[in-house]
Amino acid sequence: MELGLEVDDSRSPYTVLAVKGEVDVYTAPRLREKLVELASQGRNQIIVDLEGVEFLDSTGLGVLVGGLKRLRSNDGDLGLVCTQARILKVFEITGLTKVFTISGSVDEATAS
Amino acid sequence: MIVALELAVPASPEYIAIVRLVVSSLASGRRNLADQRIDDLKLAVSEACTNAIEAHGRRGTDEPVTVRVLEADERMEVEIVDHGGGFDPDRLPLHPPVTDPSRLDFERGLGIPLIRTLVDLARFERLADGTKVRMVVFGGPADDAGDQTSEIIRAVLADGE
């Protein structure tokens, strides 16, 4: 099972990371590594696009929380793009909709 | 209760996707459940398997994790049995509220609350050397159960014969 991770640099100052596939305990370490790599390159405004994600469990949530913490401690932020009800539900149940800014599209997330 | 399926799964992260696929295929093929309920069960199963596999890793055991699907007229149950040493589900650390900045210090510990929220009934039983998680979703058999059993399930069942 492959996790797709595509970086789009064309929306400065934002870096958009499009995630595709299933995010679980097997694939989440790759997402974590990518977020750490982007942050270490000084990109501190990251939008994670979850529209291509078919499944996300608490391991994936944990990696996103870790990424958010890393970026905020660096005066940055990590925003999400998600409109899929089944993925949004995981954020809602855990209360994390109050922690993350969740937008309906990449355009919306990078508009400000 | 009839055992519909029993799998011995190697305690390694790459197998969790297969468990999700098998359980959700069985649920959608054999039970009268809305797609959303199947997604809920799939997520709960993933959380329970993740905990089981991580517990095996911490304990350094190479025993498999057992996944069992049981059916009755009005419900389907999934049991995940591990040999990871066990834990007390009532003594899990509590997270700070999401409005507290220190909430971001906690990347883990959401699995069990999620399981409890997602399925109709969740039980955590301590065993001598591990934990049995029982997850129940209520809903009768599909009208055409059997015909709808997917190719994947047929292949898995055939393999066990």
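Remember, predicted model here, so these are calculated numbers, not experimental data.

Each value, and the rule that gives it
Residues numbered from 1 in each chain as written. Chains lettered and ligands numbered in written order. Predicted model: local features only at pLDDT ≥ 70, side-chain atom pairs only at ≥ 80, totals over all residues. Helix = DSSP H or I, 4+ residues; strand = E, 2+ residues; numbered from the N terminus. Buried ≥ 20, exposed ≤ 12 C-beta atoms within 10 Å, placed from the backbone. Contact = placed C-beta atoms within 7 Å. Pairing = 2+ DSSP bridges. Axes fitted to C-alpha atoms, helices over the stretch in contact; angles between N-to-C directions. Parallel < 35°, antiparallel > 145°, perpendicular 65-115°, else oblique. Left-handed = near helix turned anticlockwise from the far one by under 90°. Nonpolar A, V, L, I, M, F, W, Y, C, P; charged D, E, K, R; others polar. Arc of directions from axis to C-beta. pLDDT = per-residue confidence, 0-100.

**Some details on the overall build of chain A**
- Of the regular secondary structure elements, chain A holds four helices and five strands.
- Taking the principal axes of the C-alpha coordinates as reference, chain A spans close to 30 × 25 × 25 Å.

**As for the overall build of chain B**
- Secondary structure assignment for chain B yields four helices and five strands.
- Counting from the amino terminus, chain B carries its helices and strands in the arrangement β-α-α-β-β-α-β-β-α.
- Classification of the 161 residues of chain B by burial places 34% in the buried group.
- For chain B, contacts bridging at least 24 residues in sequence account for 71% of all contacts bridging at least 6.

**Structural notes on the sheet that holds strand 5 (residues 102-103) of chain A**
Residues and elements named next belong to chain A.
- Taken together, the five strands give an open sheet; going across it, the order is 1-2-3-4-5, and neighbouring strands pair in mixed fashion. In this open sheet, the two edge strands, each paired with only one partner strand, are strand 1 (4-11) and strand 5.
- Bridge count for strand 1 against strand 2 (residues 14-23) is six bridges, and the pairing is antiparallel. Paired with Arg-11 across the two strands is Tyr-14, which belongs to strand 2.
- Its contacts with the sheet place helix 2 (residues 58-72) against strand 2, strand 3 (45-56) and strand 4 (77-81), and it is angled at close to 140 degrees to strand 4.

**Thoughts on the packing of helix 2 (residues 35-59) of chain B against helix 3 (residues 111-118) of chain B**
Residues and elements named next belong to chain B.
- Direction vectors running N to C along helix 2 and helix 3 enclose 150 degrees, while the axes themselves pass 9 Å from each other. For the element pair helix 2 / helix 3, the angle class is roughly antiparallel. Every pair of crossing elements has a handedness; the one defined by helix 2 and helix 3 is left-handed. Only Gly-111, Leu-114, Ile-115 and Leu-118 of helix 3 make contact with helix 2, whose side of the interface consists of Asp-40, Leu-43, Ala-44, Glu-47, Ala-48, Thr-50 and Asn-51.
- Classifying every residue of the contact of helix 2 with helix 3 by side-chain character gives six nonpolar, three polar and two charged.

**Remarks on helix 3 (residues 85-94) of chain A**
- Of the positions making up helix 3 of chain A, those classed as buried are Ile-87, Val-90 and Phe-91 of chain A. Seen from one end, helix 3 of chain A has its buried residues packed into an arc of 90 degrees, which puts them on one side.
- The elements touched by buried residues of helix 3 of chain A are strand 3, helix 2 and strand 5 of chain A together with helix 2 of chain B.
- Downstream of helix 3 of chain A by a residue or two, Gly-95 of chain A has a phi angle that is positive, lying close to 80 degrees.

**Here we look at the interface of chain A and chain B**
- Each partner contributes residues to the interface: chain A has 22 residues there, and chain B has 19 residues.
- Those elements that provide at least two residues to the side of chain A that touches chain B are helix 2 and helix 3 of chain A.
- Grouping the amino acids of the side of chain A that touches chain B by side-chain chemistry returns 10 nonpolar, six polar and six charged.

**Topic: the pairing of strand 1 of chain A**
- Burial of strand 1 of chain A is sparse: only zero of the eight residues sit out of reach of the surface.
- Between strand 1 of chain A and the antiparallel strand that follows it, strand 2 of chain A, lie two residues.

**As for the packing of helix 1 (residues 28-40) of chain A against helix 2 of chain A**
Residues and elements named next belong to chain A.
- Between helix 1 and helix 2, the shortest axis-to-axis distance is 9 Å and the interhelical angle comes to 10 degrees. The orientation of helix 1 relative to helix 2 falls into the category roughly parallel. Together, Ala-28, Leu-31, Arg-32, Leu-35 and Ala-39 of helix 1 and Thr-59, Gly-60, Val-63, Gly-66, Gly-67, Arg-70 and Leu-71 of helix 2 make up the contact between the two elements.
- For the contact of helix 1 with helix 2, the per-class residue count stands at six nonpolar, four polar and two charged.

**Structural notes on the pairing of strand 4 (residues 121-126) of chain B**
Residues and elements named next belong to chain B.
- Two strands pair when backbone bridges link them, and strand 4 and strand 5 (residues 131-138) are joined in this way by six bridges, in the antiparallel orientation. Within strand 5, the residue paired with Arg-123 across the bridge is Arg-134.
- Linking two consecutive strands that pair antiparallel, namely strand 4 and strand 5, is a turn of four residues.

**Remarks on the sheet that holds strand 4 of chain B**
Residue and element names in this part refer to chain B.
- Strand order across the open sheet formed by five strands is 1-2-3-5-4, with antiparallel pairing between neighbours. Of all the strands in the sheet, just strand 1 (2-9) and strand 4 have a single pairing partner and so form its edges. For this sheet the average axis-to-axis angle between neighbouring strands, irrespective of direction, equals 15 degrees.
- Each of strand 2 (65-71), strand 3 (75-82) and strand 5 is contacted by helix 2, which is oriented at about 15 degrees to strand 3, the strand it contacts most.

**Examining the confidence of the model for chain B**
- Put simply, chain B has an average pLDDT of 87, and 86% of its residues get 70 or more.
- We note a pTM of 0.88 for the whole complex and an ipTM of 0.91 for its interfaces.

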